[in-house]
Each structure stands twice: as structure tokens, then as C-alpha cells.
Amino acid sequence: MFKNYLKTTLRFLKQNKLFAGINILGLSLALAASFIILLFVINEFSYDQGYKNRKQIYRVLNTYHEFKTTQLGTPYVLASALKSDFPQIEHAVRARNMRGFSLKMKDEFISVYRAVATDSEIFDIFDIPLNGAPKGILDNPNSIVLSKKQAEKFFPDQNPVGKEIIGIANGKEQLFVVEGVFDDIPVNSTLQADCFINGKWTLEPINQTFGVTNADVNWDLDFWTTWVLLKKGIEPASVENQFRNLEVKNISENPPKSYSLQNLTDVYLRSNNIMNSGMKGNMKNIRIFSATAFLIILVAAFNYIILSTAVSSGRTKEVGIRKTSGAEVKAIRNQLLGESVFLSLAVLPLAVALALIAKPYAEKLFQTKLYIISTNIPVYILIYLLLTVVIGLASGLYTSSYLSQLNIISILKNGSVSGRRKSLLRWSLIVIQLVIFCSFISGTLIIRSQYKFALKKDLGYQNKNILLVDLGRNFKDYTVFINSIKSFPNIKMAAGTMDGLPMMGSMSSMIPNFQDQSQKIKVEGLAVDYNFLETMGIPVIQGRSFSEEFGADLENSIILNEKAVEQLGITDPVGKKIGNGTIIGIVKDFNLHSIHSDIPPLMINMTDRYIQQVAINYTPGTLSNILPIVEGEWKKIAPERSFQYQTIENLIKDIYASEKNLSIIITIFAVFSLLIAAFGLFGLTLFIAKTRTKEIGVKKVLGSSEKTIIYSFLKENIVIVFIAALLAIPVTYYFMNRWLSNFSYKVSINFWFFVIAFIIASTVVLFTVLFHSYRASRINPVEALKYE
Amino acid sequence: MIQLKKIDKYYDAKFQRTFILKGVNLEVKQGEFVTIMGPSGAGKSTLLNIIGLLDEPSAGEYYFWDEPAHKIKEKQKVQYHRSHIGFIFQAFHLIDELNVYENIETPLVYRSVKGKERKAMVADLLDRFNMVAKKDLFPSQLSGGQQQLVAIARAIIGSPKLLLADEPTGNLHSEQGEMIMKLLKKLNEEGMTIIQVTHNEDFAQYGTRVVKLIDGLIREDYQVENRK
């Protein structure tokens, strides 16, 4: 029976090459697009799923009550305290990445970026395959465990276990002994390491920075990530409750922070509210991309339904004969369903090939590497197959149930049935396809206009002609550098700052309201050098700016923005004191961060210790002129550091890069959806033109001109596009309003966006339809009427 | 074998009921070759469709092998189509995508006959109809008469008890039509019950009995005397 079906299917497709071609093209494009998106989505969801104990592994989070922020820094001592005080905890380790760690190969030191300083138990918590006994493997302070890749790099063609290697830790040469080699950690793990060393190595730099000697027992230095493995069946809530006692016992009577647990499986995708949480995924992107994939698939499936109902007139006879030969409704349905599943499965290899070809371009577009992760391969295969079969079923479902229910007598009498219901369904599917396209187009236009708006918006300071030079940490001679470049003609002004504008991170403190001391206001901070406000063109509207004429500015002077004055409830602010600082001036409000967020209350201080950027205000059009000068001066003053700079225009562009990418991605999918829908429409008009030859012939005999016949075809289609464009308005409005709500400053949704979508869609549709309607209008009426 | 009692078939339009068949009583015995004749629109095809279980009467009783066919379910109808009834049509209705061999094979597929057995049955029939050389051709490559031959072969491959033919010669020129009628007669002589609808007085002479239908009523019912 199967063979019989297969033969009919193949021969039917062979005879209806257009139908087959359009469906194969549309399906393979849609499948390829969704395969790429699914590759991304599956990878995102697969993070940390490879660890056997993942359900019992937790990361300790640390919430500061005053700032209402949660982060993952915890004290060094926490892991030991947890192990001794909590019987529910099987294992606990602290971990911190080493800065500037390198290992010696021949005569050269090579940086090892992901050197994790931790304890032996890390191998008990994470089941990373290890060559060597995990127990106590890192207990010796000079132990080192290398990843396979690093081991092959530093010890080519030999067994490194037991060998010695010289490394640089904390700026000094040290001797390490390789105790083991672990399998390279897959990319879909949030714990990443090139090597593991003993945790004690991280104590010294922290002690130094903070001028203490007790970082190993200090409960205030939150610089380590703590991982724990709970015993089987332990509820995290029960452990978290006991954390309260731990905090009171070790931190203070009234602890300013509290610890909580986050399961490993939540680490990658559910860390949005956690600051500095390192590697994390973006659930919003996953949703947007999955939705686009779904829509593309929908458009392709609709194509199948539209075309197969259109060509079904050729199948009805077969169905009728099969029925009189004793086929049940079920058998016919299964045959037709099998046919559409077969078609989509036949397209599968083509789609996979297309996806592989398009992968590098997609990587650029998504701005992420799209890995084919070996442990995920069964999942890819399963999901791709499943998707393909589901598409086949979904697109075949309507046609099969429709055709299998047809009345045999009418089929065998008339040969074909073209019911009203059928064409209504076809047109509504086309409308939905066009709604998807129009929404995509007007959506992209809105994203683009918001992007342009973000680039152009007056931020309250100069957003052009500013060059930002990155000093890096501890650049002691920045004043020498600033003074040396200031004297050049095209450089108007230059000043140091801790963060350039727009600022990426944030620092904040809680300051009591002046009217009501009990009410504390979160005020953000910005640390700058002399002349920074002038360089950026931020106007001081009351009092004065920082000035070298007043010696105390560096220590005790502060400047607020208008928002801070208002929220803190200060009247006559100049001269008032906040803590040790005196308010010397008020600046006009400016956008501290990107326009995603509102202007916060802001306190500007001076600093000479943390200056990491130099902002240079130059005469417009002279960038190429001043760049070599600035670089030349840099080479003189800091020859050992690399010269890194960025213009403020580029910095702003970078900030909104994700918006730009999103608009590109959606544009591409819009083109896809229109292309696929146009294929469908092209096929459909061909069939309609064919079935209407008799009508056209009669009309021509009665004196209708070719023009009116073409017009009648076009009119029908324009109405459809118009309906689709109208329906797209509320849909787009709803989703784009949600998207725009991420911004504090946003464009309004312009009516023109919808008009443009309508114009594009109608142009494409008209051109698609024009071809066949022109051909249909040219038929010889004698031929057309002989046809019956 | 077939017994129709007061069969009505009508369509309800807005204000009036249009009768296609009215009070038709007909009994067909096994081994008969009945020709239904009548002008266009007399209800011949409708009657044939009701007999073939493709259509349902609006009123009346229909016994097919003493089973009340007006009451049986869809599933059982499918069973009858598989094993008891074969159809041939004026427009041949072959499946365009299948070749001669595969077209003939189709009913066996639905009867889950094993592949080997199927092959033997089809080969046997092809031989009998002198069509072995044409077994790989598609319907569009055959003449009308040949197509109808294939259609008959397909209709009888499951050795049905009853063969229904709706103007089997309507699309053929007279020579081919005669060939088809001779074949039907031969099948009848071998024991198959046949009911055909035709306009052609000459071709009615190949049967054993003629039923004349006018405006949904049986006006004449007689045995053929000088059977061709």
C-alpha cells in the first residue's frame, strides 16, 4: 500500500512541478531559518544541563539590603562555614578567577585567561571527567590541574601528570606541579576553566587592595563565588532559612546583606536581576527568535495548504476512485497526510544544507557563535525531525481531511470541486501571511526609528566630537598625558574621568532625604577630574564647577544634578552638606546611561585615584588629524600600554548595537516571509487563472477588454493586501509598544510605518499576480471555450 | 440479490421538493444483466449510485443481499465496495499518476492482498484482456477504449458480485463500444451480475433485461428477447 502511495505522490509532484517547486523552496527556506534559530535556542537551553548533579548544585547569592541589589560575590570564609555548620550541605567551594595568570612554555610566559582558584571539592560538585584522583587534588598550594587543551599546549606529546611547570601568579614566578588533566569543559557550561589552582592564591591581591591581612576570614570582602552541593532530597528553602542565623552569628546583629541559593539550572537563563553575574543568556532574545521561527514556519505551512487545496482539483478524481475501490476515509486521509510529511521530510536534507551554509552569516547577525555542541546532537536531530514531521502533519491536515470527506458522486461527475469554503480559507491564509509580513516590516521600521532616535537624541552633553581614550587601571601619569595633549591646536579640552558617558555600569549610595531623614534616596555616583563637565559640555546652572582654584574640591566638594536636588528635597542646595561633602554646584540633568533608563539622581565627586578614561573634545572634522598626535603622546608617556580609544559616536552605536541587530534580523525574516508568501501567491494565481480560463473566454466573447480582465485580478488582491495591512496595525502596535517600554525615551509609533508596509506588500503582490493575469487575459477565447 | 422498495430521492429547494426518483421498486436477481435506459435527467445515474451505495435514498428501503443497506454504516459500505461491488464510469476515471498495472492493482491494495498474490492476479487479468504489452503505460498514453478496458479490469479484479457501469460506452466510438459490450456480456455469462446505464438502444441488446426510467419513475421493465 505504501509503495502505491509513494508512486502516486512522486508522479503527482513530477506532474505538478510548480506546486512541488514552490513548496520545496518555501519549506526549505523556512526550515533552514528555523533550524538556525533552533540551534541557538537549544544551545541556550542546554547550559549546565550536562552536569549529573545539576539539581543539587547551587550558587550562593548575596543581596545587599540597602541597595536592593543581588550579586554573586561572597566572602572566602563562607564555603568553610557552610561545610562546618550545615549538615545538609555535602560539598562547598569558593572560586575566583585569577587575574594575569600565565604559564611558562620554553622561555615564554603564555597567559591562561580562565585560571580558576578553588578547592579540590569542585570536582565533587561538578562531574568534570578528570585524569587523576579528585580527592585532595588541589590541596597542595602548588597543585595545578590543566584542561586537556592546555595540557596538549604546554606538554605536547607527553603525560603532564606529576610534571613541574613554572607560572606567574600575583606577579611572581611560582613553581606548580600538574596533579591532573580534566576534559575540556563544553561551551554550554557557565563554569569555564582552562586550569584549576588552589584557592589561596586569590587572597593576596585582595589583602593588598584593601590593606588588610585577613581576607581568608573577613566576612565583608565579597569577592568569591560559592558553589554548594546539597545532599539528596534537601529543599534549598530549608538551608536558606538557616542562613539567617549564620549571618547574625558571623556578620552582625543586624546584617546588611543576606545569602540565598540559586540552582545551577537557573544560573544561565534566570540571572537577569543579578549584577555582574558573568555569562548569561537572554530570555527575551530566545523568545523573540523562537517567535520569528514559528511565524516563518507558519507562512510556509500556509503556503502548502493554499497550494495543495488549489491543486487538489487534480486529486479529487483519484480520491473518488480510491473510495469506490474500497478505500476508507481514514486510508485516504493517511495517504494525503503521509504525502505532506513525505514532502517535508524530503526537504529536510536541503534545509539542513542551507542552514549550514547560512550559519556563518547568522553568527554575524546574532553576534554569537553558533556552536554545534556534540552532546546536543541527539537533541538537534530529534527536534529537527520532530519539527519537520509536525510541519508536514500541520500542513497536510486540512487538505487531507477536506479531500477525504469529499462526496464521491460530485467528484466523479464534475471532476473537480471548487467550493466557496475552500477559496475563503485560501484567502484568509494569504491574509494571515501578509499580516505577518506587514507586522514584521512596520516592526522593523519602528525599531529602526527608535535606533536612529537613540543615536541622535540630545543627551544633555556633546554626543559628537569627543574622543575617549581608555587608560586602564592604575594609570598614575594621566595628568601628564592630559597636559601634554591639551596644548595641540585642534584639541579644545581634555579631562579625566572614572567612566565615560554614556556610563555602562553604575555605583550608587543611599542618601537620606533632607525633609524626611528616615526616607533614603538611591543616588548614583560619577567620579571625575577637573574640567570633565566642561569637556563634555554639561552646563552648571547653579553654583560653580570643580576648579583647581579651590584646593578642597578634590576631597570634599560635590555637584548634584537637578533630579537629585528635587528627590532629596534640598532647598537652596549650594553650600549645604551631604556627609562630609559640600554641595558646590548643580548641573542640568543629562542622560547618565543609555536611554533605556531614566535620568537618575546623581552625585558627582572628584577623584584622582580611579581615573580610567580621558575625554578629549576636538574641533569638528579634525579627528584624523589629532589621533596620531594623541597616540604619539601616549607612546611617550606609557609605552608599555596599548593605546585604546573610541569616539563617542561609536560608543553610542555600540550601546544600541542589539537594537540595530534586532532590526536587521527582523528585516531579514520579513523578506523571508514575503518571499515565501509571494511564491505561494504566484502558484495560486496560476491555478486560479487556469480554472478561470472559461470565464475569461466567455467575458472576452462578450466584449471585455484585456485591461478589465487584468484589473479584476488585481482588484481582488489589492483588497486582500489592504485588509492584511489594516489587521497588522493592532498586532504591531501591541508588540512594539511592549518592546518600546524598555526605553525611557522613545519615539511614537508613526502611521507612516504601516503605510510603507502596505505599499511594499501591495507592490510585491501586484507584480506576482500581474504576470499570470496578463497571460490569462491574452488567451484566445475560441481555445478557452473548446477546453471543456 | 438487490431489492429496492419504494425508493424516493429528492432535493429540497426553497419552496418545492424536486424528485429525482419516485417510488422505485426494483428487484435484480443474481446473474442478470440489467440495462437502465431513459432520457437525460430521468434519474438513471442516481439510481445506479444508490444501488452502488455511493448515494443514499431519501426514503424507502434497499436490501443488498438481504441486508438493509439503507441502514448500514459507512464502515460496512467500505467493506461492500471492497468485496461486492465494482464500478466503471463513462469518463473511465483512471488515476493519471499510476500506470495500467498499478491502476488495476489499486483495489487489491485496499483489500490487503499480499504482493505476490496481487502480481499473479493482475498478470492473469492483463493476459485475459490482451494488455500485457501495455502494462507500463499511463492512462494518457492509451486510447479511450483501452482506458475503459483498464477500468473494467480494475473493477473486476476483486471478483465482485455486482458490476455497475454508468454509460461505459458514452465516450467511445461505436467499434470500441461494441468491444466493451461484448466483454461485459462475456463477464455476465461467466456469472457476474451487471447493471448498466446507457442511451444506446443497440447496446441494451447485450443485456438480459431493460428497465426504462422517465422522470424518476419506472415506465417499462422487460426481458430482452433477441439477445445479441
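Use the structure listed above.
Anyway, here's the lowdown on the structure attached to this text.

Rules of the game
- Residues numbered from 1 in each chain as written.
- Chains lettered and ligands numbered in written order.
- Predicted model: local features only at pLDDT ≥ 70, side-chain atom pairs only at ≥ 80, totals over all residues.
- Heavy atoms only, no water.
- Core = buried A, V, L, I, M, F, W, Y, C linked by side-chain atoms within 4.5 Å.
- Buried < 20%, exposed > 50% of the residue type's maximum accessible area, 1.4 Å probe, protein only.
- Contact = heavy atoms within 4.5 Å.
- Patch = residues over 30% accessible without salt bridge, like charges linked within 9 Å, V, L, I, M, F, W, Y side chains within 5 Å.
- Areas by Shrake-Rupley, 256 points an atom, 1.4 Å probe, with all protein chains shown as cover.
- Salt bridge = Lys/Arg side-chain N within 4 Å of Asp/Glu carboxyl O.
- Lys, Arg positive; Asp, Glu negative; His and termini not counted.
- Charge placed at Lys NZ, Arg CZ, Asp CG, Glu CD.
- Helix = DSSP H or I, 4+ residues; strand = E, 2+ residues; numbered from the N terminus.
- Pairing = 2+ DSSP bridges.
- Axes fitted to C-alpha atoms, helices over the stretch in contact; angles between N-to-C directions.
- Expected span 1.5 Å × (residues − 1).
- Arc of directions from axis to C-beta.

### Looking at the nonpolar core
The tendency in soluble globular proteins is for nonpolar side chains to be buried as a group.
So, point 1. In this structure, L501(A), L526(A), M536(A), F590(A) and I604(A) are the most contacted members of the largest nonpolar core, which totals 142 residues.
So, point 2. Ignoring any residue separated from it by four or fewer positions in sequence, one finds L501(A) in contact with Y461(A), L468(A), F532(A), M536(A), I538(A), F590(A), L592(A), I648(A) and L651(A).
So, point 3. Core analysis: the next-biggest nonpolar cluster, separate from the first, contains 37 residues, I409(A), I7(B), V34(B) and L48(B) among them.

### Looking at a positive patch on the surface
So, point 1. Together, R448(A), K452(A), K456(A), K653(A) and K660(A) give the surface a local cluster of positive charge.
So, point 2. Element by element, the count of residues in the positive patch is highest for helix α14 (residues 420-456) of chain A, at 3 residues.

### Digging into the pairing of strand β4 (residues 59-64) of chain B
Residue and element names in this part refer to chain B.
So, point 1. Direction of pairing for strand β1 (residues 2-12) relative to β4: antiparallel, over a ladder of 5 bridges. Bridge pairing in β4 places D8 opposite A59.
So, point 2. Summarising the sheet, β4 and strand β5 (residues 67-68) pair through 2 bridges and their orientation is antiparallel. Bridge pairing links Y63 to P68 in β5.
So, point 3. Where β4 folds back onto β5 in an antiparallel hairpin, the turn is made up of 2 residues, including W65, whose phi is positive at roughly 50 degrees.

### A look at the sheet that holds strand β7 (residues 162-166) of chain B
All names here are of chain B.
So, point 1. The 6 strands are arranged β6-β7-β8-β3-β9-β10 in an open sheet whose pairing can be described as mixed. The two strands at the open ends of the sheet, each matched to only one other strand, are β6 (85-89) and β10 (217-223). Between one strand and the next, the sheet's axes are offset by a mean angle of 15 degrees, whatever the strand orientation.
So, point 2. Strand direction decides the pairing type here: strand β3 (residues 33-37) and strand β8 (residues 193-197), joined by 4 bridges, are parallel. Along β8, the bridge assignment pairs V34 with I195.
So, point 3. Packing of helix α5 (residues 144-156) onto the sheet brings it into contact with β6 and β7, and relative to β6 it is tilted by some 170 degrees.

### Section: helix α19 (residues 623-637) of chain A
All names here are of chain A.
So, point 1. With 15 residues, α19 should cover 21 Å at 1.5 Å per step; its first-to-last C-alpha distance of 21 Å lies within 8% of that length.
So, point 2. Those residues of α19 that sit buried are I626, L627, V630, E633 and W634. Buried residues of α19, viewed axially, fall in a sector of 135 degrees; they line one side. The exposed residues of α19 that point more than 90 degrees off its buried face are S624, P628 and K636.
So, point 3. On its buried face, α19 sits against β15 (466-470), α15 (478-486), β16 (491-497), β24 (613-618) and β25 (644-647).

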